[in-house]
Amino acid sequence: GEVTILDFELLDCVPKMVNLLLPNLRHLNLSNITMPQNAVKQFLQNFSHLETLVWNYCENNVSIWGTEINYCNGLKELQMDDAIFFACEEFHNQEVISSAKFSFLVLRGYPSSLLSNSLERVSLKNMRYQIEDIFEVLPVPQVALMEFVRARDNLKWFRSDLTAENIAILKAEFPEVTFISE
């Protein structure tokens, strides 16, 4: 027979099925894939061996704090170019953005956070965010990208929209890191 109806109501079982079929998956490319925000965490928590996550053109699937990726404990490479992250209104508050305490994707409240220790290569070129229920898409602030770099113990390579001036500041602090802004 021919399949004439496809019901995505059972979509929550797909990650578990993929994990059963590919239990040692190390590289996952989700580029151009859109998932409901609540499904992202459930999907990614099934890939404990994942080392590389490529998710270019991700649109409002991941929060600006990256909590949905926290389950990928051994992630060494993250590529999310042209991604639009979602954020709450608090993120958009100028005092939070300009505060030295603010840090995007740092997850300092999570002691076992993959993002604080394992990432070596990160590409966040043209990274933007959108406040929930507001349609304006904004670039991630320079201070947020800088804090991201400062929170990485093992970072070796970072591509983003950092200005030449901010790259110079970070190169002085982290001479072992290669910075790309092309």
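Residues numbered from 1 in each chain as written. Predicted model: local features only at pLDDT ≥ 70, side-chain atom pairs only at ≥ 80, totals over all residues. Heavy atoms only, no water.

## What about the overall build of the protein?
And step 1. Within the protein, the regular secondary structure consists of seven helices and ten strands.
And step 2. For the protein, the residues scored as buried account for 46% of the 182 residues in total.
And step 3. Restricting the contact set of the protein to residue pairs at least 6 apart, pairs at least 24 apart contribute 66%.
And step 4. Put simply, the protein shows about 10000 Å² of open surface, and 53% of that area lies on carbon and sulfur atoms. (Helix = DSSP H or I, 4+ residues; strand = E, 2+ residues; numbered from the N terminus. Buried < 20%, exposed > 50% of the residue type's maximum accessible area, 1.4 Å probe, protein only. Contact = heavy atoms within 4.5 Å. Areas by Shrake-Rupley, 256 points an atom, 1.4 Å probe, with all protein chains shown as cover.)

## Side note on the sheet that holds strand E10 (residues 178–180)
And step 1. One open sheet accounts for six strands, arranged E1-E2-E4-E6-E9-E10; its pairing is parallel. Every other strand in the sheet has two partners, leaving strand E1 (27–29) and E10 as the edge strands with one partner each. Taken over all neighbouring pairs, the strand axes of this sheet differ in orientation by 5° on average, direction set aside.
And step 2. Relative to strand E4 (residues 77–79), strand E2 (residues 52–54) runs parallel, the two being bridged by three bridges. The residue of E4 that forms the bridge with Thr-52 is Glu-77. (Pairing = 2+ DSSP bridges. Axes fitted to C-alpha atoms, helices over the stretch in contact; angles between N-to-C directions.)

## Observations concerning the environment of Lys-125
And step 1. You can see Lys-125 is positioned in the loop between strand E6 (121–123) and strand E7 (128–131).
And step 2. Judged by its relative accessible area of 17%, Lys-125 is buried.
And step 3. Lys-125 sits 45 residues away from Met-80 along the chain, and the two C-alpha atoms are 7.3 Å apart.
And step 4. If sequence neighbours within four positions are ignored, Lys-125 has contacts with Met-80, Asp-81, Asp-82, Arg-159, Ser-160, Asp-161, Ser-181 and Glu-182.
And step 5. A polar side-chain atom of Lys-125 sits 2.7 Å from the main-chain carbonyl oxygen of Ser-181. (Polar contact = N/O pair within 3.5 Å; in protein donor to acceptor, adjacent residues only side chain to side chain.)

## With respect to the environment of Val-62
And step 1. The residue Val-62 is located in strand E3 (residues 59–63) in this model.
And step 2. Assessed through its relative accessible area of 0%, Val-62 is described here as buried.

## Description of the pairing of strand E5 (residues 84–87)
And step 1. Neither face of E5 is left uncovered, since the one carrying Ile-84 and Phe-86 and the one carrying Phe-85 and Ala-87 both have all their residues buried.
And step 2. In this sheet, E7 lies alongside E5 in parallel orientation, the contact comprising four bridges. Pairing of Phe-86 across the sheet is with Gln-130, part of E7.

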